[in-house]
Amino acid sequence: MQSLILSTATRFLTGLMLVFSVFLLLRGHNEPGGGFVGSLVASTAFALYAIALGAKAVRRAVRVEPRMLVMVGLAFAIAGGLLALITGAPLFTGVWLDIPLPGGGELHVGSPLIFDVGVYLVVVGAVLTVILTMEEEIS
Amino acid sequence: MEVVLSCVVGIMIAASIYLMLGRNLVKFLFGLILLSNAANLAIFTSGRLTWGAPPLIPEGALVPISDIANALPQALILTAIVISFGLLAFALVLAYCAYQELGTVDTDEMRVAEPETEFAKRANRVWRALLVPRDRAP
Amino acid sequence: MIPWLVALPILVPFVTAILAFVAGRSLEVKRWISVAGAAALLAVGLLLIHQVYQHGILVGAMGDWPPPFGIALVVDFLSAIMVAITGITGLAVAVYALADVDRSEEHVGFHPLFHLLLGGVCGAFTTGDMFNLYVWFEVMLISSFALLVLGSRKAQIDGAVKYVALNLVSTVLFLVAVGLLYGMTGTLNMADLHLTIPQVENQGLVTAVALMFIVAFGIKSALFPLFFWLPAAYHTPSVSVSAIFSALLTKVGVYALIRVFTLIFTQDVGYTHNLLLIIAGITMLTGVLGAAAQNEFRRILSFHIVSQIGYMIMGLALYTPLGVMGAVFYVVHHIIVKANLFLVSGVANRLTGSFELKKIGGLYKSQPFVAVLFLVPAFSLAGLPPLSGFWAKLVLVQAGLEIDSYLIVATALLVGLLTIYSMTKIWNEAFWKPHPDEIEPGTGAVALSRRDYILLTAPIAGMAALTVIIGLWTEPFILLATSAAEQLLNPDAYVQAVLGVRP
């Protein structure tokens, strides 16, 4: 069933939700949010997209195979843990870096963010795999 | 408050076991979802409850100023939710595939991997003759 | 240095899995990454045994959080042995899979899933934290789900429904038990639990939680009466998957039982361990009787896993140095032999065209080498000297006699006898009698290419050789198992290594 209202609204909503999910991902370390929560919002966005425009459209929009997302996410998570190797600290120790920004202020980034990005990708990939399998099976 | 939540956990587990005892695979899945939620609630309750004090440290401070809720059970539950989310999603897809491939959601009829042997058929007949009242026997 | 070392058993399989997935379209590259990864895991396992031998128990605090606050990876002799044995079976199955797994299944992701499974298993073996153990169980479970349905044949879906259902119940039970344990003690670090459990006021509650762990791990390790998922599922996927499942999945449950009931729940041995002993006896019997009623190669072997699990739990339940040593030795022996028998069943299928014993035959006459490769693990499983199974059973029987548990010893001996019956049945039907369709095994429609033949039989021959080596040159293995048992029964060293305090 194709609904004009749904598909038009979806185009706006999906983008909005994806931006929001990245926002949640980035604020995650010190404030409520994080990789998993962000990724659930992103998956909801793709689920909505799949309902409105079909699984094929989602595959086109995501471009990569969802399972590739899972594996790349896993690689990110491990890389986040392995970064501690540089400082000689035990595995998964947080490594922090303060990057001075032009115009004053500092950007405080660290390996937990890389780990969180990994979680984000793993969950989005896994949910997409399930949703797309179901969507393609049923239709 | 702990007592109330413990009772809720008990009721949820009882309900989920009732659901899981059914032959219907979908009912079983619902029971499982309920059961995993009950498990999360159980962890939450056994971590002791603190009223209205989120485990957040105010800006500028290094340690929490007053008593705060125990953050560890919450972290455990979040992990458990992530995991059960993945497992249940898989189970749902599997149940759907089972319905497509085997044509049934009745677990008693899923006998492709374990075909009923002659011996089992006869044993079942004896079993029924002994246990099921005569007037209700099929 | 040490935190890195103890994390290697987890890192190596995960990195292998990622590489095997992103290695482009070439199957050949993926395959060799897979084999190399398994070999690396074996090397890591041997290195760990060496390191534990040199430095004692190895502890690595993840994220630089000191235990009991952070997650600690702890490797003692038992963990190191289990990692090494995982590496051995992983390598054998990875080589075997090159000729066994369908091309389409390889494309869908057999190799990455296989290594994720190994990673989950090794994680469970090395962790020193109850909740982390739960997480590794899940990693192992989700990859085993995916491996089980790979290929999506009807029988696989059917078997997977039962496997998934029961294992998910076990998972949730485990989780509830962990939650209650945390509620009682306020900690989830295993070493810390060892110290805090005796201080819990309500010891009855501790025993109740211990029983929840018996049920949760009992489902995983297929104890009576919780084993029904195993023979329902293990004969459905490809032989490589069956073999790695049979070798590792239930043994992770056994490992968890050994760990938990030597380190944490030792306050009411008279109740919990006696219960385990009764369960062990019934498990042995039901498994072997179930096997006697079967006529499918892999289903017979599946039921024998159940009966063999009984022996390992018997060793743990006796709770004497000799008993626990026997349990450890039995796990090692069983993993090698059982995986090997599953691999042989695959070769028999390829050479004769079926797993159904009624439909096959004539293997001895046309393939004497394969027949020998079957006889070695089969005799070892039944416990004939001088193979590894003989020593494993001998130690357990001795341990039972030592504390006058004559009933369990009698059960163990009887089950050993019945195991010979099952192995003889397979021998008669698959090897001795002529093929019912008068097909010459290994020719015509069931011919094997030279490459396949070598890839299929080489791992079997290697594992069979290992059984013989353990049988003939037993002493170092017994010594290793004894050291592992000593560490298990004197948890003070473990606690001190993890927490840095003398209990």
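Predicted model only: the values in this text are computed from it and were never measured.

Q: How would you sum up the pattern of salt bridges? Please name residues and give values.
A: All names here are of chain C. Under the defined criterion, the tally for this structure stands at ten salt bridges over all chains. Close ionic contact of aspartate 76 with arginine 259 constitutes a salt bridge, the shortest N to O distance being 2.9 Å. Here aspartate 76, found in the loop between strand S2 (72-75) and helix H3 (77-100), pairs with arginine 259, found in helix H11 (residues 239-263); they are 183 residues apart in sequence, far enough to count as distant. Assessed through its relative accessible area of 1%, aspartate 76 is described here as buried. Accessibility expressed as a relative area gives 3% for arginine 259, which makes it buried. Overlapping salt bridges bring together Glu28, Arg31 and Glu106 as one network.

Q: Quick one: what's the story with the interface of chain C and chain A, residue by residue and with numbers?
A: Facing the 16 residues of chain C at the interface are 14 residues of chain A. Between chain C and chain A the total buried area reaches about 1,400 Å² when both faces are included, carbon and sulfur atoms providing 83% of it. At the surface where chain C touches chain A, the tally comes to zero salt bridges. For the side of chain C that touches chain A, the secondary structure elements donating two or more residues are helix H1 (2-22) and helix H5 (110-126) of chain C. Residue composition of the side of chain C that touches chain A, grouped by class: 14 nonpolar, one polar and one charged.

Q: Could you give me a rundown of the packing of aromatic side chains, with the residues and numbers involved?
A: Each aromatic ring pair is summarised here by two numbers: the centre-to-centre distance and the angle between the ring planes. Residues and elements named next belong to chain C. With the rule as written, the count across this model stands at 32 aromatic pairs over all chains. When the centroid spacing of 6.2 Å and the interplanar angle of 85° are considered together, the rings of phenylalanine 297 and phenylalanine 374 count as edge-to-face. Taken together, the residues phenylalanine 297 in helix H13 (residues 297-318) and phenylalanine 374 in helix H16 (residues 368-382) connect sequence positions 77 residues apart. Taken individually, phenylalanine 297 and phenylalanine 374 each receive the classification buried, so the pair is uniform in this respect. An aromatic cluster is built from Phe131, Tyr134, Phe137, Phe174, Phe213, Phe217, Phe261 and Phe265, whose rings are joined through pairwise contacts. Sitting over the ring of phenylalanine 21, lysine 30 keeps its end group 6.0 Å from the ring centre. A cation over a ring is seen here: lysine 393 above tyrosine 311, with NZ or CZ 4.8 Å from the ring centre.

Q: Describe the nonpolar core, with residues and values.
A: With 233 residues, the main nonpolar core has C:Met130, C:Tyr163, C:Phe174, C:Phe213, C:Phe265, C:Phe374 and C:Ile426 as its most contacted residues. In terms of residue count, helix H14 (residues 321-352) of chain C provides more of this core than any other element does, 19 residues in total. Grouped together as the second largest cluster of nonpolar side chains are 22 residues, A:Ala57, A:Val58, A:Val124 and A:Ile131 included.

Q: Go over the environment of A:Ser43 with me, naming the residues and quoting the values.
A: Residue and element names in this part refer to chain A. Tracing the backbone through its elements, the reader meets serine 43 in helix H2 (residues 35-53). For serine 43, a relative accessible area of 4% puts it in the buried group. Each C-alpha atom, one on serine 43 and one on alanine 84, is 30 Å from the other, the two residues being 41 residues apart in sequence. Residues contacting serine 43, with those up to four places away along its chain left out, are Val124, Val127 and Ile131.

Cut-offs and rules
- Residues numbered from 1 in each chain as written.
- Chains lettered and ligands numbered in written order.
- Predicted model: local features only at pLDDT ≥ 70, side-chain atom pairs only at ≥ 80, totals over all residues.
- Heavy atoms only, no water.
- Salt bridge = Lys/Arg side-chain N within 4 Å of Asp/Glu carboxyl O.
- Helix = DSSP H or I, 4+ residues; strand = E, 2+ residues; numbered from the N terminus.
- Buried < 20%, exposed > 50% of the residue type's maximum accessible area, 1.4 Å probe, protein only.
- Contact = heavy atoms within 4.5 Å.
- Buried area = accessible area lost by both parts, 1.4 Å probe.
- Nonpolar A, V, L, I, M, F, W, Y, C, P; charged D, E, K, R; others polar.
- Phe/Tyr/Trp six-rings, centres within 6.5 Å; stacked < 30°, edge-to-face > 60°.
- Lys NZ or Arg CZ within 6 Å of the ring centre and 35° of its normal.
- Core = buried A, V, L, I, M, F, W, Y, C linked by side-chain atoms within 4.5 Å.

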